[in-house]
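Coordinate inspection notes
Take a look at the letters that make up each chain.
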Amino acid sequence: MSNTIPAIRPLESLTAHDRSHRRKHRGFTLIEIMAVVIIMGLLMGAVGVSVLGQLEKARRTTAKAKITQLESALEFYHMDNSKYPPTLEGLVTKPPGARNYPRGGYLKKKSALFDPWNAKYIYLNPGSKNQYGIDLSSAGPDGVSGNDDDVNNWESQLPSES
């Protein structure tokens, strides 16, 4: 047995097979990795915009459904008491002067009084848009009442998405 260390062969002395074998195991270049990252970023950006648009549409649909739920609860209150409650909180806790009030109220949770953007629904009694009823509305995502993104009970359809 010899105690000699095998000599490291210079790259020029490697056979063609050895050189191709080394190239296969080098990995990715920085340019290749950057290209993949850029492509993934573009795809995620396109998908993100689409998902956010659908999320806002879902919130508007939820707001409209909750307004319909509030209208029904208000009508039940009106049938029981011959008047509407002074505030929407009267659907959750018994207001003064309510004669017939069911145990547990007309709505189970106080969270039903808030729109999908965590703002209280706007309640007008008597209504200015519904002269013989009540007005219910949400200021929408911008929180400003009276513009195109509002959701309310006097327009039959949601405003068109542009």
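Because the structure is predicted, anything quoted here is derived from the model rather than measured. (Residues numbered from 1 in each chain as written. Predicted model: local features only at pLDDT ≥ 70, side-chain atom pairs only at ≥ 80, totals over all residues. Heavy atoms only, no water.)

With that out of the way, let us pick up the overall build of the protein chain. Secondary structure summary: the protein chain contains two helices and three strands in total. Counting from the amino terminus, helix and strand elements in the protein chain follow one another as α-α-β-β-β. Out of the 162 residues belonging to the protein chain, those deemed buried represent 27%. Restricting to contacts in the protein chain with at least 6 residues of sequence separation, those with at least 24 account for 42%. Carbon and sulfur atoms provide 60% of the accessible area of the protein chain, an area that totals close to 12,000 Å². (Helix = DSSP H or I, 4+ residues; strand = E, 2+ residues; numbered from the N terminus. Buried < 20%, exposed > 50% of the residue type's maximum accessible area, 1.4 Å probe, protein only. Contact = heavy atoms within 4.5 Å. Areas by Shrake-Rupley, 256 points an atom, 1.4 Å probe, with all protein chains shown as cover.)

What follows covers the layout of surface pockets. Taken as a whole, the largest pocket holds about 150 Å³ of empty space. Elements that contribute at least two residues to the lining of the largest pocket include exactly strand 1 (122–124) and strand 2 (135–138). Class assignment of the residues belonging to the lining of the largest pocket gives a composition of four nonpolar, four polar and five charged. (1 Å grid on protein atoms, 1.4 Å probe; cavity = no way out; pocket = protein on both sides within 12 Å on 5 of 7 lines; lining within 4 Å. Points joined across faces, edges and corners; volume = space filled by probe spheres on them. Nonpolar A, V, L, I, M, F, W, Y, C, P; charged D, E, K, R; others polar.)

Judged by pairing direction, the sheet is antiparallel, and its three strands sit side by side in the order 1-2-3 without closing on themselves. In the strand order of this sheet, the two ends are held by strand 1 and strand 3 (151–152), each with one partner. (Pairing = 2+ DSSP bridges.)

Ranked by size, the top nonpolar core spans 22 residues in total, and within it Leu70, Leu74, Leu88, Leu91, Leu107, Tyr123 and Leu136 carry the most contacts. In terms of residue count, helix 2 (residues 30–81) provides more of this core than any other element does, six residues in total. The residues contacting Leu74, other than those within four sequence positions of it, are Tyr84, Pro85, Leu88, Leu91, Tyr123, Ile134 and Leu136. (Core = buried A, V, L, I, M, F, W, Y, C linked by side-chain atoms within 4.5 Å.)

Moving on: the pairing of strand 2. Moving residue by residue along a regular strand, the side chains alternate between the two faces of the sheet. By the alternation rule, side chains of strand 2 split into Asp135 and Ser137 and Leu136 and Ser138, which are all buried. In this sheet, strand 3 lies alongside strand 2 in antiparallel orientation, the contact comprising two bridges. The residue of strand 3 that forms the bridge with Ser138 is Val151.

On to the pattern of salt bridges, then. A complete count under the given rule lists two salt bridges for this structure. Its salt-bridge partner being Glu56, residue Arg59 comes within 4.0 Å of it at the nearest N-O pair. Here Arg59 pairs with Glu56, and both are found in helix 2, just three residues apart, close to one helical turn. For Arg59, a relative accessible area of 32% puts it in the partly exposed group. On the accessibility criterion, Glu56 (24% relative accessible area) is partly exposed. Linking Lys120 and Glu89 is a salt bridge whose minimum nitrogen-to-oxygen distance equals 2.3 Å. Of this pair, Lys120 sits in the loop between helix 2 and strand 1 while Glu89 sits in the loop between helix 2 and strand 1, and the two are 31 residues apart along the sequence. (Salt bridge = Lys/Arg side-chain N within 4 Å of Asp/Glu carboxyl O.)

Before going further, it helps to examine the confidence of the model for the protein chain. For the protein chain, mean pLDDT is 82; residues scoring 70 or higher make up 80% of the total. Here residues 157–162 scores under 50 on pLDDT; set against residues more than four positions off or in separate chains, the count is eight contacts. (pLDDT = per-residue confidence, 0-100.)

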